Amino acid sequence: MGVERLDPLIHPPARLQLMALLADVSEMEFGTARNVLGVSDSVLSKHLAQLSDGGYIELRKATVNTRQRTWIAATGAGRKAFKNHVAALQTLASGRALSQR
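Residues numbered from 1 in each chain as written. Predicted model: local features only at pLDDT ≥ 70, side-chain atom pairs only at ≥ 80, totals over all residues. Heavy atoms only, no water.

A. Geometry of the sheet that holds strand E3 (residues 67–74). Pairing within the open sheet is antiparallel, and its three strands lie in the order E1-E3-E2. Of all strands in the sheet, those with a lone pairing partner are strand E1 (28–29) and strand E2 (57–64), marking the two edges. Pairing between E2 and E3: eight bridges, direction antiparallel. Paired with Glu 58 across the bridge in E3 is Ala 73. Running over the sheet, helix H1 (residues 13–22) touches E1, E2 and E3 and is turned about 85 degrees from E3. (Pairing = 2+ DSSP bridges. Helix = DSSP H or I, 4+ residues; strand = E, 2+ residues; numbered from the N terminus. Contact = heavy atoms within 4.5 Å. Axes fitted to C-alpha atoms, helices over the stretch in contact; angles between N-to-C directions.)

Below, the structure is given as structure tokens:
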């Protein structure tokens, strides 16, 4: 496993951090994710759209106290892709990827 195994959909820092946040929870509210990541609504929305288009997350919308809320959940494919991406990063960081060439 080497650099070629890094997932370009997950690799940007905000998406990698988001997938890490979602790895151990069933779902997370949009506002919580935005605050933890320290990004604007529009930046988070763009990242969510790309991850959703890739099948890595699902979005659920509901009205709570007359306000629209969005919850984010990683899909099985997203969890697997994240796990594989982290393994590729660990391989790269250990120097094993370079020694395999």
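That shown, we press on.
B. Molecular detail of the pairing of E3. Bridge analysis of E1 against E3 gives two bridges, and the strand direction is antiparallel. Across the sheet, residue Met 28 finds its bridge partner in E3, namely Ile 72.

C. Region of the structure containing helix H3 (residues 41–53). Its 13 residues place the ends of H3 18 Å apart at the C-alpha level, agreeing with the 18 Å of an ideal helix rising 1.5 Å per residue. Within H3 the residues assigned to the buried category are Leu 44, His 47, Leu 48 and Leu 51. In an axial view of H3, the angular spread of the buried residues amounts to 100 degrees, which keeps them on one side of the axis. Of the exposed residues in H3, those oriented more than 90 degrees away from the buried face are Lys 46 and Asp 53. Of the surrounding secondary structure, the elements contacted by the buried residues of H3 are H1, helix H2 (30–37), E2 and E3. Looking at the residues trailing H3, positive phi occurs at Gly 55, about 80 degrees. (Expected span 1.5 Å × (residues − 1). Buried < 20%, exposed > 50% of the residue type's maximum accessible area, 1.4 Å probe, protein only. Arc of directions from axis to C-beta.)

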